[in-house]
Amino acid sequence: MQKLKKSYDYRNHEEVEDVFNRLEKNVDCTNKLIKHIDHLIEKKYFSEPVHKVLITLRNTCAVNVMNIVQLSE
């Protein structure tokens, strides 16, 4: 197990910026996924188990987006 560093070096902001850029791309992609799932739920008929899985997946994606947005503010 690694020990945590007691001193932090934030001089290399490019790495941090890269993380936020990737998070932004993740949010964009996840929003597209949410819209696609919403469209499927509204336009197609699925059995109850599949419908529940789609709703659970959609809600999980939405929570992830909210957490990322809250983190990046």
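Further up the page is the structure itself.
Residues numbered from 1 in each chain as written. Predicted model: local features only at pLDDT ≥ 70, side-chain atom pairs only at ≥ 80, totals over all residues. Heavy atoms only, no water.

A few points about the nonpolar core
Now for step 1: Counting six residues, the largest nonpolar core is built from Val 27, Ile 34, Cys 61, Ala 62, Val 65 and Ile 68.
Now for step 2: At the level of elements, α1 (13–43) and α2 (48–72) are the ones that each hand at least two residues to this core.
Now for step 3: Discounting chain neighbours no more than four positions away, the residues touching Val 65 are Val 27, Thr 30, Asn 31 and Ile 34. (Core = buried A, V, L, I, M, F, W, Y, C linked by side-chain atoms within 4.5 Å. Buried < 20%, exposed > 50% of the residue type's maximum accessible area, 1.4 Å probe, protein only. Helix = DSSP H or I, 4+ residues; strand = E, 2+ residues; numbered from the N terminus. Contact = heavy atoms within 4.5 Å.)

Concerning the pattern of salt bridges
Now for step 1: Applying the stated rule across the entire model yields three salt bridges.
Now for step 2: In this structure, the salt-bridge partner of Arg 22 is Asp 18, at a minimum N-O distance of 3.1 Å. Highlighted residues: Arg 22 and Asp 18, both in helix α1, separated by four residues, approximately one helical turn.
Now for step 3: We classify Arg 22 as exposed; its relative accessible area is 57%.
Now for step 4: Under the relative-accessibility criterion, Asp 18 is labelled partly exposed at 35%.
Now for step 5: Notably, a salt bridge pairs Glu 48 with Lys 52, separated by 3.2 Å at the nearest N-O pair. With Glu 48 and Lys 52 both in helix α2, this residue pair falls four residues apart, about one helical turn.
Now for step 6: We classify Glu 48 as exposed; its relative accessible area is 54%. (Salt bridge = Lys/Arg side-chain N within 4 Å of Asp/Glu carboxyl O.)

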